[in-house]
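For reference, the chains in residue letters:
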Amino acid sequence: MTKRKPIRKAVFPVAGLGTRFLPATKAIPKEMLPIIDRPLIQYAVDEAREAGIEEMIFVTGRGKTSIIEHFDIAFELETTMRERNKDLSILAPTQATPGDIIAVRQQVPLGLGHAIWCARAIVGDEPFAIFLPDELMIARNDGAGGCMKQMVEAYNEVGGNLISVLEVPEEEVSSYGVIAPGKRSGALTEVTGLVEKPRREDAPSNLILSGRYILQPEVMRVLEAQEKGAGGEIQLTDAMAKMIGTQPFHAVTFQGKRYDCGSKTGFVEATLAIALEREDMAEEVRAIAKRLLGDS
Ligand code: G1P
């Protein structure tokens, strides 16, 4: 196995307006909505850290400052908790090494590709990860780890560019980026084509991009052209499609569970599923769910 450049940086595009969750998201970012007691963004950052990533780059916009505050020291809160002999370990995941939380602004909402391009100066000349925090990826209890950890392991084998994929029913493909699959070996599939939000009849497969990427820095050069794609937006999928053939490109099928927290029902599903897995509340939540379903 050749030594690859390690994946040290992750970009989190979090400038979206979150209109699907209004009015909840009028004054707070969508990424700060909690699944039980952790905001969505925390799940993504935890997954990044588990994969060995140190630098978190948030591509933010107006009204998104609380995301950055969340990963800062909360002096008054911590002092008061200490005075009251409260356990501060609960806050540990919200703290970072000074300098490792970085924010850049996307002043205009021109699409996901544009958001990623806004981080080009911080990413520099290194391969980097991307997390779409709406996509909540939960590891199984079998030690295989989270989605990005599995992707980094695959990256150490094959290098190049990697995207996470999963199968959806055919009628859902037009909401996502879709891959044209090539040769398959275990959880790895060669990517021979990529298309953003195709019509169902034009989709090359039912394998969709599920919000996790490891990309080579050359993608920033491609994004520089700022060409518009599906929905009139600058699409990351289109930029990646241009790199196929010039660099290795693979899809990783995540061994674990995925919840689409960009939709309200997906959010409810995630909340319930995670509550049913948590030792501190599973039993009680199961009883509540049974009662609500009239099934006790
Ligand atoms: C984005 C990507 C798409 C991907 C999806 C995953 O779309 O452009 O390729 O499949 O995230 O959630 P969006 O949900 O921003 O429309």
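Look a little higher up for the structure.
What you are looking at is a predicted structure, and each value in this text was computed from that prediction instead of being measured.

Basis of the calculations
- Residue numbers restart at each chain and count upward from 1, following the sequence in its written direction.
- Reporting in this predicted model follows two pLDDT cut-offs: at least 70 for local features of residues, and 80 or more for side-chain atom pairs to be given and counted; totals over whole chains, interfaces and linings ignore these cut-offs and use all residues.
- Water and hydrogen atoms play no part in the side-chain values, which are based on all heavy atoms of the structure.
- Whenever a helix is involved, its axis is fitted only over the stretch in contact; in every case the axis is a line through C-alpha atoms, and angles between N-to-C directions fall within 0 to 180 degrees.
- Strands here mean DSSP runs of E at least two residues long; helices mean DSSP runs of H or I at least four residues long; both are numbered from the N terminus.
- Put simply, angles under 35 degrees are roughly parallel, angles over 145 are roughly antiparallel, angles from 65 to 115 are roughly perpendicular, and the rest are oblique.
- Only heavy atoms enter the contact rule, under which two residues are in contact if any of them lie within 4.5 Å.
- Here the term charged refers only to Asp, Glu, Lys and Arg, the term nonpolar to Ala, Val, Leu, Ile, Met, Phe, Trp, Tyr, Cys and Pro, and the term polar to all other amino acids, Gly among them.
- We call two strands paired when DSSP finds no fewer than two bridges between them.
- To estimate the expected span of a helix, count its residues, drop one, and scale the result by 1.5 Å.
- With a 1.4 Å probe rolled over the protein chains alone, any residue whose accessible area is under 20% of its type maximum counts as buried; one over 50% counts as exposed, and the rest are partly exposed.
- The cutoff for a nearby residue is simple: one of its non-hydrogen atoms must lie within 4 Å of the molecule or strand.
- We define a polar contact as two N or O atoms separated by no more than 3.5 Å, with the added condition that, inside protein, one atom must be a possible hydrogen donor and the other a possible acceptor, whereas residues neighbouring each other in sequence contribute only through side-chain atom pairs.
- In this description, accessible areas are obtained by the Shrake-Rupley approach with a 1.4 Å probe, and a residue is regarded as covered only by the protein chains that are shown.
- Between rings of Phe, Tyr and Trp, where Trp is taken as its six-membered ring, a pair exists when centres lie within 6.5 Å; planes separated by under 30 degrees are stacked, by over 60 edge-to-face, and by other angles tilted.
- Note on criteria: charge over ring means Lys NZ or Arg CZ within 6 Å of the ring centre, with the direction from the centre no more than 35 degrees off the ring normal.

## Things to note about the packing of helix α9 (residues 264–277) against helix α10 (residues 282–292)
Okay, step 1: In the contact formed by α9 and α10, the axes pass within 7 Å of each other and the chain directions differ by 130°. With respect to each other, α9 and α10 are oriented oblique. On α10, the residues that touch Leu272, Ala275 and Leu276 of α9 are Ala282, Val285 and Arg286.
Okay, step 2: In terms of residue class, the contact of α9 with α10 is made up of 5 nonpolar, no polar and 1 charged.

## Observations concerning the environment of Ala10
Okay, step 1: Following the sequence through the fold, Ala10 ends up in strand β1 (residues 9–13).
Okay, step 2: Ala10 sits 48 residues away from Phe58 along the chain, and the two C-alpha atoms are 8.4 Å apart.
Okay, step 3: Setting aside residues up to four positions removed in sequence, Ala10 forms contacts with Ile53, Glu55, Met56, Ile57, Ala129 and Phe131.

## A closer look at the pairing of strand β9 (residues 177–185)
Along any regular strand the residues' side chains alternate between the sheet's two faces.
Okay, step 1: Where β9 and strand β10 (residues 188–196) come together, 7 bridges link them in antiparallel fashion. Opposite Arg184, over in β10, you have Thr189 as the bridge partner.
Okay, step 2: Where β9 folds back on β10, the antiparallel hairpin that results is connected by 2 residues, among which Gly186 adopts a positive phi of roughly 65°.

## Here's the deal with helix α6 (residues 147–158)
Okay, step 1: End to end, α6 covers 16 Å across 12 residues, agreeing with the expected 16 Å (1.5 Å per residue, within 8%).
Okay, step 2: Among all positions of α6, only Cys147, Met148, Gln150, Met151, Val152, Ala154 and Tyr155 are buried.
Okay, step 3: Phi turns positive one or two residues past the end of α6, at Gly159, with a value near 65°.

## Thoughts on the site of the ligand
Okay, step 1: Taken together, the residues surrounding the ligand are Leu112, Leu132, Glu135, Tyr176, Gly177, Glu196, Lys197, Leu209, Gln235 and Thr237.
Okay, step 2: Measuring from an oxygen atom of the ligand, one finds a side-chain N or O atom of Glu196 at 2.7 Å.
Okay, step 3: Notes on the ligand: free accessible area 380 Å², of which the protein chains cover 75%.
Okay, step 4: Partitioning the shell around the ligand into residue classes produces 4 nonpolar, 3 polar and 3 charged.

## Regarding the packing of aromatic side chains
Okay, step 1: Taken as a whole and judged by the stated rule, the model has 4 aromatic pairs.
Okay, step 2: Taken together, a centroid distance of 5.1 Å and an interplanar angle of 35° make the contact between Phe12 and Phe58 tilted. Taken as a pair, Phe12 in strand β1 and Phe58 in strand β4 (residues 55–60) lie far apart in primary sequence, 46 residues in all.
Okay, step 3: Classification of Phe58 as buried rests on a relative accessible area of 0%.
Okay, step 4: Ring geometry for Phe58 versus Phe71: centroids 5.7 Å apart, planes at 20°, classification stacked. Residue Phe58 is found in strand β4, and its partner Phe71 is found in the loop between α2 (65–70) and α3 (75–83); the two are separated by 13 residues along the sequence.
Okay, step 5: Residue classification places Phe71 among the buried residues on the basis of a relative accessible area of 5%.
Okay, step 6: Each residue in the set Phe12, Phe58, Phe71 and Phe131 is aromatic and connected to the rest through ring pairs, giving one cluster.
Okay, step 7: One cation-aromatic arrangement involves Arg38 over Tyr43; the distance from NZ or CZ to the ring centre is 4.0 Å.
Okay, step 8: Between the NZ or CZ atom of Arg120 and the centre of the ring of Trp117, over which it lies, the distance is 3.7 Å.

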